[in-house]
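# Commentary on secondary and tertiary structure
For reference, the chains in residue letters:
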Amino acid sequence: MSLLIVSASDVGSLLEETPVTEFVDLMRQVFVDFSKRGPSEQDRLQIQSPERTFVQTPRQTTLFMPSYWPPAGTAIKIVSVPKDSAQTQGLRGLPATTAVVNAETGSVEAIVNARALTALRTAAGSALATSLLWTRANKPPPTKLVLFGAGLQMAFHARLFMDPGMFGESLQEVVVINRSDNERLRTVVSDLKKRFPHLESGIKGVTSGWEEEVKTADIICAATSSKELLFPGEWVKPGAHLNLIGSYTPKMREVDGSTVNRADVVLVDSREACWKEAGDLIQAGWKDGHPNKVKLDAAIFEIGEFVGGNLSAEQEEKVEAGLHDRSVTIFKSVGVGVQDVAIASLVVRLAREKGSGTLVPYD
């Protein structure tokens, strides 16, 4: 048996050659299937995405995230998060590897460099949620995109949102906000100008005084590890949509409670995971005993239920009443393991089709 090694360079080439809509459509299928899971043994065998486990070492936290999705099989992603923010990898992303298991033999058939894939699948989920809510609310085409953070997550968010297959035809301004005027920010802005020359004059980086940028933004994406709120809720204009990606523990949040409670509809990747981990929602009052819980319960829906047509009649009525051209909407993602097995398996398929990667005799 041979083992396929798909390097970071291989992954990069494959991503450049593949339409972004293919990744967005993949996330649509993943979320729909994920939200169909249920308590029966048969349901559990269809999708399995156990809680991640981790190992603490002096310099990093190493996370292990296994998952099973029938159309793609089984995989486990291993990612290390440095404890010192100075050790972060910037535009290279966090060290991450996915092992893909052959469904027939049970042997590992491919090792995929997943640095870029985590950012890509997250951005694809955000693009899907934004498109769904924007279309359902019948809002005019967005013209201004604001991105908080200058790491790999925001680089991929920008690339997907600015693609002509998503919102690239209507966007006129793209603002990348970063607290530091560093090489990461300059690189992201420069790369975007090269990729989208027709928008070059509308692309800029900002490091301070971003009140007006937020107040005039149609779409806001945030993927930061900031312990400080990025902006107050009153800055968000009616009709804006927010994708909140950065926080993944109850004590982390990028926006304040007023922002969350202003939202007419909040989509989440996993209701169960966000209930435990999404600090933006938890600190806004989505927890037992808080007076805001009932209101938020009525506004929060899994994206897979939303796109898959699995909302109850009562939920559909609430969505219909809540979505209009001035409604504020949010997508909150903490990530689900099924996204990782799906994107890694797609990359392995593309690599085999195009003869990419390196085959190594293994067993």
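For the structure itself, consult the block above.
Residues numbered from 1 in each chain as written. Predicted model: local features only at pLDDT ≥ 70, side-chain atom pairs only at ≥ 80, totals over all residues. Heavy atoms only, no water.

Tallied over the entire structure, the rule returns four aromatic pairs. Measuring from centroid to centroid gives 5.5 Å for Phe 148 and Phe 231, while their planes differ by 35 degrees, and the two rings are tilted. One end of the pair, Phe 148, is in strand S7 (residues 144-148); the other, Phe 231, is in the loop between strand S10 (219-222) and strand S11 (241-244), with 83 residues separating them in the sequence. Between Trp 275 and Trp 286 the ring centres are 5.1 Å apart and the planes differ by 85 degrees, which places this aromatic pair in the edge-to-face class. You can see Trp 275 sitting in helix H9 (residues 271-277) and its partner Trp 286 sitting in the loop between helix H10 (279-282) and helix H11 (293-299), a full 11 residues away along the chain. Residue Trp 275 is classed as partly exposed on the basis of its relative accessible area of 31%. Judged by relative accessible area, Trp 286 falls into the buried class, the value being 1%. Among the aromatic residues, those joined into a ring-pair cluster are Phe 148, Trp 210 and Phe 231. Here the basic side chain of Lys 139 rests over the ring of Trp 134, its NZ or CZ set 4.8 Å away from the ring centre. Here Arg 159 stacks its cationic end above the ring of Phe 156, 4.5 Å away from the centre of that ring. (Phe/Tyr/Trp six-rings, centres within 6.5 Å; stacked < 30°, edge-to-face > 60°. Helix = DSSP H or I, 4+ residues; strand = E, 2+ residues; numbered from the N terminus. Buried < 20%, exposed > 50% of the residue type's maximum accessible area, 1.4 Å probe, protein only. Lys NZ or Arg CZ within 6 Å of the ring centre and 35° of its normal.)

On to the side chain of Ser 327. Topologically, Ser 327 is positioned in the loop between helix H13 (313-322) and strand S14 (329-332). Separated by 2.8 Å, the side chain of Ser 327 and the backbone oxygen of His 324 make a polar contact. Residues in contact with Ser 327, not counting those within four places in the same chain, are Ala 137, Lys 139, Gly 239, Ala 240, Asp 264 and Gly 322. (Polar contact = N/O pair within 3.5 Å; in protein donor to acceptor, adjacent residues only side chain to side chain. Contact = heavy atoms within 4.5 Å.)

Quick look at the sheet that holds strand S5 (residues 96-101) now. Taken together, seven strands build an open sheet; the order of strands is S2-S3-S4-S5-S6-S1-S15 and the sheet is mixed. In this open sheet, the two strands that pair with only one neighbour each are strand S2 (53-56) and strand S15 (358-361). Strand-to-strand twist across the sheet, computed as the mean angle between neighbouring axes with direction ignored, equals 20 degrees. Summarising the sheet, strand S4 (residues 73-82) and S5 pair through six bridges and their orientation is antiparallel. Residue pairing in the sheet places Val 79 in a bridge with Ala 96 of S5. Set on the sheet, helix H4 (residues 115-136) makes contact with S4, S5 and strand S6 (108-113); between it and S6 the angle comes to about 80 degrees. Of the strands in this sheet, strand S1 (2-6), strand S3 (60-69), S4, S5, S6 and S15 touch helix H14 (residues 337-354), which is tilted by about 75 degrees from S3. (Pairing = 2+ DSSP bridges. Axes fitted to C-alpha atoms, helices over the stretch in contact; angles between N-to-C directions.)

Moving on, we come to the pattern of salt bridges. Following the criterion strictly, the structure yields 25 salt bridges and no others. Two residues, Lys 237 and Asp 218, come together in a salt bridge whose shortest N-O distance is 2.7 Å. Highlighted residues: Lys 237 in the loop between S10 and S11 and Asp 218 in the loop between helix H7 (211-215) and S10, separated in sequence by 19 residues. Several salt bridges converge on common partners, so that one network encompasses Glu 16, Arg 159, Asp 191 and Arg 195. (Salt bridge = Lys/Arg side-chain N within 4 Å of Asp/Glu carboxyl O.)

A few words on the pairing of S3. Each regular strand shows side chains that alternate between the opposite faces of the sheet. Across four bridges, the pairing between S2 and S3 is antiparallel. Bridge pairing in S3 places Thr 53 opposite Phe 64. The antiparallel pairing of S2 with S3 creates a hairpin that spans three residues between the two strands. In the sheet, S3 pairs with S4 via 10 bridges, with the strands oriented antiparallel. From the neighbouring strand, Phe 64 faces S4, where its bridge partner is Ile 78. Two successive antiparallel strands, S3 and S4, enclose a turn made up of three residues.

A few words on the state of the cysteines. Under the definition given, this model contains zero disulfides. Among the cysteines around Cys 221, which has no disulfide bond, Cys 274 carries the closest sulfur, lying 16 Å off. The class of Cys 274 is buried, set by a relative accessible area of 0%. (Disulfide = S-S within 2.5 Å.)

Right, let's get into helix H1 (residues 8-17). Among the residues of H1, Asp 10, Val 11, Leu 14 and Leu 15 are the ones counted as buried. Each buried residue of H1 sits inside an arc of 130 degrees when the element is viewed along its axis, so together they form one side. (Arc of directions from axis to C-beta.)

This part takes up the sheet that holds strand S8 (residues 173-177). Across the sheet, which stays open at both edges, the eight strands sit in the order S9-S8-S7-S10-S11-S14-S12-S13 with parallel pairing between neighbours. Only two strands of the sheet have a single neighbouring strand rather than two, namely strand S9 (203-206) and strand S13 (300-302). Strand after strand, the sheet turns through a mean of 20 degrees between neighbouring axes, direction not considered. With three bridges joining them, strand S12 (residues 265-268) and S13 adopt parallel strand pairing.

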